[in-house]
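# Fold and contact review
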Amino acid sequence: MMKIYEQYKGTQLSVPVHLYDRDLVAQRVIREFNGCNQQDLARIYGYSEKWVKSVLRQSRQDEQLAAKQHRD
């Protein structure tokens, strides 16, 4: 910690809120969703429940569209 202090003392630093790529997190959320863990996934990855629900909803819509196109 002292090395960081010595290196950057007096400097204003900007640290990102999310350390992971948004698309990568969306893929992980879709893969790890078990039907009832939206709140946990939001907390784990630091996104809102609304965002997680949106990702899952879009994933379902994409799957339905792909299935429909496959049938036609």
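Model, not experiment: these values are computed from the prediction. (Residues numbered from 1 in each chain as written. Predicted model: local features only at pLDDT ≥ 70, side-chain atom pairs only at ≥ 80, totals over all residues. Heavy atoms only, no water.)

If you trace the backbone, Asp40 turns up in helix H3 (residues 38–45). The sequence separation of Asp40 and Lys53 amounts to 13 residues, and the corresponding C-alpha distance is 12 Å. (Helix = DSSP H or I, 4+ residues; strand = E, 2+ residues; numbered from the N terminus.)

A few words now on the UniProt feature "domain: Mor transcription activator" (unreviewed entry) in the chain. With numbering aligned to this structure, UniProt lists the feature "domain: Mor transcription activator" (unreviewed entry) at residues 3–65. Helix makes up 67% of residues 3–65 and strand 0%, with an end-to-end C-alpha separation of 53 Å. (UniProt positions renumbered as here; feature names shortened; annotations may be inferred.)

In this section: the packing of aromatic side chains. In this structure the tally under the stated criterion is one aromatic pair. Taking the centre distance of 4.2 Å and the plane angle of 25° together, the rings of Tyr47 and Trp51 count as stacked. Relative accessible area serves as the criterion here: at 10%, Tyr47 is assigned to the buried category. On the basis of relative accessibility, which here comes to 13%, the residue Trp51 falls in the buried class. (Phe/Tyr/Trp six-rings, centres within 6.5 Å; stacked < 30°, edge-to-face > 60°. Buried < 20%, exposed > 50% of the residue type's maximum accessible area, 1.4 Å probe, protein only.)

Attention now goes to the packing of H3 against helix H4 (residues 49–71). For the pair H3 and H4, the least separation of the axes is 8 Å and the interaxial angle reads 115°. Considering the angle they form, H3 stands roughly perpendicular to H4. The way H3 lies across H4 gives a crossing that is right-handed. Of H4, the residues touching H3 (which contributes Gln38, Gln39, Leu41 and Ala42) are Glu49, Val52, Lys53 and Leu56. For the contact of H3 with H4, a count of residues per class yields four nonpolar, two polar and two charged. (Axes fitted to C-alpha atoms, helices over the stretch in contact; angles between N-to-C directions. Parallel < 35°, antiparallel > 145°, perpendicular 65-115°, else oblique. Left-handed = near helix turned anticlockwise from the far one by under 90°. Contact = heavy atoms within 4.5 Å. Nonpolar A, V, L, I, M, F, W, Y, C, P; charged D, E, K, R; others polar.)

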